[in-house]
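Commentary on secondary and tertiary structure
The residues making up each chain are set out below.
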Amino acid sequence: MNRAVYLDHNASTPVRREAAHAVAEALEIVGNASSVHGYGRNARHRLELARTAVADLVGISAENVVFTSGGTEANNLALRGFGQGRVIVSAGEHSSVLDSLSGVKTVPLLGSGVVDLDALESLLMAGEGPVLVSVMAANNETGVRQPVDKIAELVHAHGGLYHCDAVQAVGKGAFDMMALGVDLLSISAHKIGGPQGVGALVVSSRSEPSALLRGGGQERSRRAGTENLPGIAGFGAAASLARRELDRYGGFAALRDALEARLRAAIPELRIYGAEAPRLPNTSCFGVAGLKAEIQVMALDLAGVAVSAGSACSSGKVRPSHVLTAMGASPVEAACAIRVSFGPGNNEEDVEQLTEAWLDHYRRAVAA
Ligand code: PLP
């Protein structure tokens, strides 16, 4: 009987006990945070505690945090709320950035997965007027980190604003948005041990996106609608823990490296995407052309190991990954890569089970 091994933490990581307690406690709170009576003030107090915890995690003041329904809404608010002007995004962005606006300009990635800064500079120089640049902090599929501080410097030198989707980076190491020069930042609770369906767009004094949801003064009129107090309370609890345990993810690099070394030793033609670039410590994206990603995912699932294929994060439907094709992979190669993402609770035994199951699948597929 196989043990169940969860290696899909970039898709969603388990809710931390303290966050679950905070959700349960907040469900008992009576009243609407916008009401002026004592019940309302109590709900407001709980909401503002969570706002401070989220703000502290990324080095900014609480009034800059706008709670949303998650990373997807935060990205949409940043881009669609920008108003008139040019928008430039990297080719490796999450679909919630890529699909939120039409007519955006795209900056290519280098083969390493890092954004092409020369191409970004050319695009910045090619136009006039207000410009917003959106480049993520770390990629959800490959884990490749972008040089956030350098991007901020470049964008600011051209008078632009910098939006950074840090959904995968926050909570996996220190992230001080002011020190890095980020103007707008997207975060999601369920990637840091909070509940699903809640996140935040963090704004700065340089950026004030116009609201997408209107019809109420909540969130300083930046996002109308009664706040999801239980979700936000859970987000706040997860953010406080993440801030106290910033190096919690560092140790996963050893598991990731052990996995990659073992697979490479067995199959020299294995392609590991982004291995030459700085990466999140917990993420590995690899494949062999001809071995379809969705079949690998199913074979591993039968062996008790949960991983994901390409950018299947939203629909469960597998298309060749746009991130990998942007890094120069052919469509066939890009349809044959899987993502393994480690998180709290994983250990060497999990690496062992994954490696054996994957090699077994590979050998059967080659023999067939
Ligand atoms: N941005 C990145 C980089 C992501 O990985 C994800 C989800 O996987 C999102 C945005 C969307 O976040 P949410 O699931 O909170 O909508």
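As a starting point, this report considers the structure included with it.

Scoring rules and cut-offs
Residues numbered from 1 in each chain as written. Predicted model: local features only at pLDDT ≥ 70, side-chain atom pairs only at ≥ 80, totals over all residues. Heavy atoms only, no water. Pairing = 2+ DSSP bridges. Helix = DSSP H or I, 4+ residues; strand = E, 2+ residues; numbered from the N terminus. Contact = heavy atoms within 4.5 Å. Axes fitted to C-alpha atoms, helices over the stretch in contact; angles between N-to-C directions. Buried < 20%, exposed > 50% of the residue type's maximum accessible area, 1.4 Å probe, protein only. Arc of directions from axis to C-beta. Near = heavy atom within 4 Å. Polar contact = N/O pair within 3.5 Å; in protein donor to acceptor, adjacent residues only side chain to side chain. Areas by Shrake-Rupley, 256 points an atom, 1.4 Å probe, with all protein chains shown as cover. Nonpolar A, V, L, I, M, F, W, Y, C, P; charged D, E, K, R; others polar.

1. Comments concerning the sheet that holds strand 9 (residues 271-272)
Strand order in the open sheet formed by four strands is 9-10-13-12, and the pairing between neighbours is antiparallel. Two strands bound the open sheet, and with one partner strand each, they are strand 9 and strand 12 (308-309). As judged from the five bridges shared by strand 10 (residues 283-287) and strand 13 (residues 337-341), these two strands associate in the antiparallel manner. For Phe286, the partnering residue across the bridge sits in strand 13 and is Ile338. Taken strand by strand, helix 11 (residues 293-302) contacts strand 12 and strand 13, and its axis lies near 45 degrees from that of strand 13.

2. Side note on helix 6 (residues 148-157)
Taken as a whole, helix 6 has its buried residues at Val148, Ile151, Ala152, Leu154 and Val155. In a view along the axis of helix 6, the buried residues occupy a sector of 165 degrees, so they form one face of it. Among the exposed residues of helix 6, those oriented more than 90 degrees off its buried face are Lys150, Glu153 and Ala157. Just beyond helix 6, the residue with positive phi is Gly159, at close to 75 degrees.

3. What to know about helix 3 (residues 71-80)
With respect to burial, helix 3 is a largely interior element, eight of its ten residues being buried. Regarding helix 3, the residues found buried are Gly71, Glu73, Ala74, Asn75, Asn76, Leu77, Ala78 and Leu79.

4. Quick notes on the site of the ligand
Around the ligand there are 15 residues in total, and Gly71, Thr72, Asp165, Ser188 and Lys191 lie nearest to it. Take Asp165: an N or O atom from its side chain is 2.6 Å from a nitrogen atom of the ligand. At a separation of 2.5 Å, an oxygen atom of the ligand approaches a polar side-chain atom of Lys191. Within the complex, 91% of the 390 Å² of free accessible area of the ligand lies under protein. The element best represented in the shell around the ligand is helix 3, accounting for three residues. Taken together, the residues that form the shell around the ligand break down as three nonpolar, ten polar and two charged.

5. Observations regarding the pairing of strand 8 (residues 199-203)
Of all five residues in strand 8, five are buried, a share of seventy percent or more. On strand 8, burial covers both faces: Gly199, Leu201 and Val203 on one face and Ala200 and Val202 on the other are all buried. In this sheet, strand 8 lies alongside strand 2 (residues 65-68) in antiparallel orientation, the contact comprising four bridges. What sits directly across from Val65, in strand 8, is Val202.

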